[in-house]
Each structure stands twice: as C-alpha cells, then as structure tokens.
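Structural characterization, general
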Amino acid sequence: MAFGLDYSDRVQPTVAKEMGATFVARYVGYFSGYDINNIAKEQSKCLTPQEASELMSMGIGIVSVYEWYGARPSIYNAGSAAASFAAGQWDAHTAGIIHTTCGGPQQAPIYFCVDYDSPGTETIDYFIGVASVLGIGRVGAYGGYRSIKYLLDNSLVSWAWQTYAWSGNSLDPRANIYQYDNGVILADGSEGDYNDSKTPKYGSWK
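Below you will find a few notes about this structure. (Residues numbered from 1 in each chain as written. Predicted model: local features only at pLDDT ≥ 70, side-chain atom pairs only at ≥ 80, totals over all residues. Heavy atoms only, no water.)

Overview of the pairing of strand β3 (residues 61–66)
Summarising burial for β3: 6 of the 6 residues are buried, a large majority. One ladder, built from 5 bridges, connects strand β2 (residues 23–27) with β3; its direction is parallel. Across the sheet, the residue bridging to V24 is I62, located in β3. (Buried < 20%, exposed > 50% of the residue type's maximum accessible area, 1.4 Å probe, protein only. Helix = DSSP H or I, 4+ residues; strand = E, 2+ residues; numbered from the N terminus. Pairing = 2+ DSSP bridges.)

So this is what it looks like as structure tokens:
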C-alpha cells in the first residue's frame, strides 16, 4: 500500500522524500547512554523533535519503534524482549516520553522490537508490562513470523510489524507493516531497510 523506510543511520529527511517514502520508522529509544533529560539533542540512532518536525513538514509520516540494547543487563537477555514485566513497564514509560516529546500523539502505537528468531513465548511478561503502561491498543511488536503470530494469537499486541528475517515464506495476514529488504544503501550512502504497509492504518503519525 505505502512504501516506507526504517534506518538507524543518520538520514536526511530529504533523502526519504526523494526515495518516495510515505513513512519512516524511527527509534524512540535505542541505547543505554541516552540522555532522557535532553531529548532534543542528537543522540546516536534516535529520533529528535527537529527530525520529526522536518519529516512531517515534507508530508512523511513517522512510525515509532522502540529498542534499547544494553540498558539493564540484569533483566535483559542480550537486549531482547525476553525480559520481565518490570522491564516492559520501564521501556513503555521511556518510549512514551521520547515519542511524546518528538511530537507523537498519545493514541499512536509504539512497536517494541523482538529482534531475534523468537517463538514469542518468552516475551509474554514483557508485553504485559508494556500494555500495563500504554494500554493494549497502543502496543505493537516488530519481529519474525513466529513471534508476530504468537503475540497476535494471544492478544498481547494490537499492531504488528513483521520482518522477512526468520519468517521463511510466511507472512501473517494481520501484519500492519512488512519489512521485505534490509541493508539497502540509500541515496546518501547510508543504510536502511525497505517496508510496505499492509493495512490502511499502520501506526503512522504526522
């Protein structure tokens, strides 16, 4: 339906515009050194209010995605979503602050990454924790086929962004976004991934 990019490199919004992106998926939390008290400062791979404003001024929607490697190694397994209820609450609270400060509306979903080949079963407590803060209607997941199917089947998420990685030839028909290629060299030499929306509403905000 709509073509979108996701990237962790610094990419100028004009590049996304020139490539015909209708939306970009951007991180609202990614690394342990993030300064939550100064969200406007450019910090590694994360969205800033300035970048969000520039994207929106060009008519490009934003999808909020959360990943936070190395923040709390005692409750994370290699930075995955295989974590506790409390970790889900902490992540949801932090993601909500960054998302809102960057201009994200209160009702927009945030996708939380299951960035490995997961069956989904070990992420139950984590996503229950996320939902306890954001409300289940705002909770999305990024992951491969097995984890996406499991989370949807068990009503642990309301939004799904499936990657072709770890998915074989399977695509859950309920997926809102599908990431079909990654490691693509973009027009400015940076690296990003290609996505298509699969439903009219997929969590993009402007």
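Back to the write-up after that little detour.
A short note on helix α2 (residues 49–57)
Along α2, the residues that are buried comprise E51, A52 and L55. Buried residues of α2, viewed axially, fall in a sector of 100 degrees; they line one side. For α2, the exposed residues lying more than 90 degrees away from the buried face are Q50 and S57. Check the buried side of α2 and you find it contacts α1 (13–18), β2 and β3. Following α2 by one or two positions, G59 has its phi on the positive side, about 80 degrees. (Arc of directions from axis to C-beta. Contact = heavy atoms within 4.5 Å.)

Side note on the pattern of salt bridges
Under the definition given, this model contains 8 salt bridges. Here R146 ties to D117 by a salt bridge, and the two come within 3.1 Å at their closest N and O atoms. Taken together, the positions of R146 in helix α5 (residues 145–153) and D117 in the loop between β4 (110–113) and α4 (124–134) put the pair 29 residues apart, joining distant regions of the chain. Take R146: its relative accessible area is 42%, and that puts it in the partly exposed class. (Salt bridge = Lys/Arg side-chain N within 4 Å of Asp/Glu carboxyl O.)

A word on unusual backbone geometry
Not every positive phi belongs to a glycine, and S44 is a case in point at roughly 50 degrees. Tracing the backbone shows S44 in the loop between β2 and α2.

Observations regarding the environment of I62
Looking at the secondary structure, you find I62 in strand β3. Sequence separation of I62 and S155 is 93 residues, and the distance between their C-alpha atoms is 24 Å. Excluding anything up to four places from it in sequence, I62 contacts V24, L47, A52, L55, M56, G203, S204 and W205.

Examining the packing of helix α3 (residues 85–101) against α4
Each packed pair of helices is defined by two parameters, the angle between the axes and the distance between the axes. Running from N to C, α3 and α4 cross one another at 40 degrees; their axes reach a closest spacing of 6 Å. In this view, α3 runs oblique relative to α4, as classed from their interaxial angle. As α3 packs across α4, the resulting crossing turns out to be right-handed. On α4, the residues touching F85, A87, G88, Q89, D91, A92 and H93 of α3 are D125, Y126, I128, G129, V130, S132, V133 and L134. (Axes fitted to C-alpha atoms, helices over the stretch in contact; angles between N-to-C directions. Parallel < 35°, antiparallel > 145°, perpendicular 65-115°, else oblique. Left-handed = near helix turned anticlockwise from the far one by under 90°.)

As for the packing of aromatic side chains
Scanning all chains against the criterion turns up 13 aromatic pairs. Between Y142 and W161, the aromatic rings sit 4.8 Å apart at their centres with planes inclined by 75 degrees, giving edge-to-face as the arrangement. Linking Y142 in strand β5 (residues 139–143) with W161 in strand β6 (residues 159–163), this pair joins segments that are 19 residues apart in sequence. Classification of Y142 as buried rests on a relative accessible area of 9%. Following the ring pairs from residue to residue traces out a cluster consisting of F31, Y34, Y66, W68, W90, F112, Y126 and F127. (Phe/Tyr/Trp six-rings, centres within 6.5 Å; stacked < 30°, edge-to-face > 60°.)

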